[in-house]
Amino acid sequence: MLDADLSHEREYVRGLYARLDELREEKRGQLDAVRKAGAIGSMQNVSERDAFAAMYEDRLAQLDAVENRLVFGRLDFDGGEQQYIGRIGLSTDDLRRLMVDWRAPEASHFYQATAFDRQGVRRRRHLILQGREVKAIEDDVLDAEMLDGSTSHQGEGALLAALNSKRTGRMADIVSTIQAEQDRIIRAPMPGALVVQGGPGTGKTAVALHRAAYLLYSHRERLKSAGVLLVGPSSSFMKYIERVLPSLGETGVVMSSVGRLMPGITAVPEADARVAALKGSKRMVDLVAAAVANRQRVPAGDRILEVEGYKLLLTPRQVRRARDKARATGKPYNEARNTFVKILLRELTEQLQSKVEASNAGNTADRSYLAEDVRQSRDVRVAVNLCWMPMTPEQLVSELFSRRSILDAVGSALTEEERDLLRRPADSPWTEADVPLLDEAAELLGELDATTGHEAARREAERRRDLENAQQALKNVDAALREVGLNGVIDAEDLADYQQGPEARMTAAERAVGDRTWAYGHIIVDEAQELSYMQWRLLVRRCPLKSFTIVGDIAQTSSAAGASSWSRALTPFFGDRWTLEELTVNYRTPAQIAEAAARMAAAAGLVVSAPKAVREGRWEPIVDRVGPGGVVERLLAVLPEEIEAADGGLVAVIAEGSLAGTAREALRGAYGARVGSGAGSFEQDIVVIDPREAKGLEFDVVVVLEPAALLDHEHGKVGDLYVAMTRPTQRLRLIAEGPIPAGIEQGR
């Protein structure tokens, strides 16, 4: 029976790949035909040709992306019908369905059906592929009538094989092994804010990524124009997950770490936890607003301005009146400045005209040129700018923190010590805690260039014309275009996107990257417990509809500005319009290690959810006590044993501050280019990182140096050590010359 089933599945899967190849060949043929047509005919014809070529190219890229593990499951229903589940949907030319997209509603049975709630499913079959060949099959028999003495209800080989596979430094999708509680969250309705609380190893990140792919499939009409933003904790994390969504056939997601949410800014971590906490607090809203208002100044006395030999008078009363009228417009700072400047220039021009007419009595020559003379006068330009200087967000925030006189003038609500903390040189790099302040400043300042609005209007008019052209072009194409696009239909908006030049033809996600004011259709936040009040304020501004998926674990909070509870973090922005779901199963961490981490957290007074581990590991956590100065020496001595235990996987050394640097140098001396940072890779299978960089990552083996230091460091929180201890999929070792935190060792 097994051999016959295996032979049948191999034949069927060969047919699926043959259909995939047919579609690829078809798209290549259509693409070649379009390219051979050449640049002939009208400009519209040429534009249409380029648009269709771009669509074929993108469809080919999508078909190529699903090559690996194209199909992974089969459902057998009570009525005798069978349904194959894969990465995309496939049909024959006569529309007979060969395979269902995993995101389709009918595919949900593959993830949710159980022996207690079969949902009409008799058997769920997992197909385990190597390349294009079915290497093995595994059945979950849900209908008791199908059981015999040699058949069990459910196998776990596919899941356990995935859990025990070696880490590569890149996250793999879990589309073939999504569990029921994960699937329920992935398919949850999009509107509102959904909070997914989950301990280490529960698959929070995987759920977030697969939810992004699901939402883009289920709400494509809305999200293709607005886009989805996925925010992660670090650049290492973003690199670790970057391949998952393309493997699921989706590229319409903007992926960004917190430090890159302001276009043009690549921020570094905030070095001082006290500064991070202060900059992340709600008080920064008032501080930035005061800094903006401070740049609208009224001179203490009258000023004499020389224009073409005439002396004009600028009074504090004039400036105050112009300022009040400009503020009354309600426009942002830079846009209101235009009103302020126009009022003052008009008044100064009237003064100049009066003086010119007085000195040229009886001369009625045209004097319209006087307005330009006033505008070009150096004295006038200097005086106006001193009263209301045009500002960029970067200039405002940089001067706020580098010039103590400004900080003292606007920061009366801050203590002297707090102002000292904020003070820094003007050439300091931007930090992750600065990004929300820059965004806040940008919101208050508005566009520096007054022509920006006109340019946006021009682009919108061009867009309308492109849509009209696209609608006309679609009348001239045949049914062959039905294969292009996920839903088999090309509409005018799709064609208009492709009909533009390469830069203008970017997806909504690609356009959103460089536009601070872009309003996303949905935002997914991973490691959300780390976000400060100001960072949440920034994100909510990016999604006015407040459609969020919020993923994290309060117990793993390590940021000084992070959350102590979901309610405290979210209520100021969402009120009571958020719901909480919890992931309860730890798929990553072996039970022995998970229990040790939970005991440590409990002993330190941290309440953790401690999800249940699905598997036992081969090793208990190993604790090495060494003499003074012996930590790195011991690390070098035991690392060969840890590399052997990883068996071709990744080894991470997690340490704080200077100890991490010392360990990295020592390991590079012994292992050379194999030693790296971040999530690791095949070439760099040994990494040295701090616990904050380790968030969201996983390794086969983890060695934690001086665990107590992770609690005592200036950044230290129980969450840091909890994170470090829960990164391994196989084995954990701790090396310390100081005390071992309570609870790690059983009975201590």
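A brief look at the structure comes next. Since we're looking at a predicted model, the values are computed, not measured.

**Describing the side chain of Asp 143**
So, point 1. Of note, Asp 143 is situated in the loop between strand S6 (133–141) and helix H4 (157–164).
So, point 2. There is a polar contact of 2.8 Å between the side chain of Asp 143 and the side chain of Arg 122.
So, point 3. In contact with Asp 143, other than residues within four places in its own chain, are Arg 118 and Arg 122.

**Examining the environment of Arg 378**
So, point 1. On the secondary structure map, Arg 378 appears in helix H15 (residues 378–387).
So, point 2. Separated by 71 residues in sequence, Arg 378 and Val 307 have C-alpha atoms that sit 8.3 Å apart.

**Regarding the pattern of salt bridges**
If the charged atoms of two oppositely charged side chains come close together, the side chains can form a pair.
So, point 1. Inspection of every chain in the model, using the stated rule, returns 64 salt bridges.
So, point 2. Its salt-bridge partner being Arg 19, residue Asp 93 comes within 3.2 Å of it at the nearest N-O pair. Taken together, the residues span a long stretch of sequence, with Asp 93 in the loop between strand S3 (90–91) and strand S4 (97–101) and Arg 19 in helix H1 (residues 2–36) at a distance of 74 residues.
So, point 3. The exposure class of Arg 19 is buried, given its relative accessible area of 6%.
So, point 4. Notably, a salt bridge pairs Glu 745 with Arg 625, separated by 2.7 Å at the nearest N-O pair. Remark: Arg 625 occurs in strand S17 (residues 622–625) and Glu 745 occurs in the segment after strand S22 (728–736); sequence separation between them is 120 residues.
So, point 5. Judged by its relative accessible area of 18%, Glu 745 is buried.

**Considering the packing of helix H16 (residues 393–402) against helix H19 (residues 435–445)**
So, point 1. Put simply, H16 and H19 touch, their axes get as near as 8 Å, and they point 120° apart. With respect to their mutual orientation, H16 and H19 come out oblique. Regarding H16 and H19, the two cross each other, and that crossing is right-handed. Facing Pro 393, Glu 394, Leu 396, Val 397 and Phe 401 of H16, the residues of H19 in contact are Leu 437, Leu 438, Ala 441, Ala 442 and Leu 445.

**Remarks on the side chain of Thr 589**
So, point 1. Note that Thr 589 resides in the loop between strand S15 (585–586) and helix H25 (591–603).
So, point 2. Of the polar contacts made by the side chain of Thr 589, one reaches the backbone oxygen of Thr 726; its length is 3.5 Å.
So, point 3. Apart from the residues lying within four places of it in its own chain, the contact partners of Thr 589 are Ala 594, Ala 613, Thr 726 and Pro 728.

Criteria and thresholds
- Residues numbered from 1 in each chain as written.
- Predicted model: local features only at pLDDT ≥ 70, side-chain atom pairs only at ≥ 80, totals over all residues.
- Heavy atoms only, no water.
- Helix = DSSP H or I, 4+ residues; strand = E, 2+ residues; numbered from the N terminus.
- Polar contact = N/O pair within 3.5 Å; in protein donor to acceptor, adjacent residues only side chain to side chain.
- Contact = heavy atoms within 4.5 Å.
- Salt bridge = Lys/Arg side-chain N within 4 Å of Asp/Glu carboxyl O.
- Buried < 20%, exposed > 50% of the residue type's maximum accessible area, 1.4 Å probe, protein only.
- Axes fitted to C-alpha atoms, helices over the stretch in contact; angles between N-to-C directions.
- Parallel < 35°, antiparallel > 145°, perpendicular 65-115°, else oblique.
- Left-handed = near helix turned anticlockwise from the far one by under 90°.

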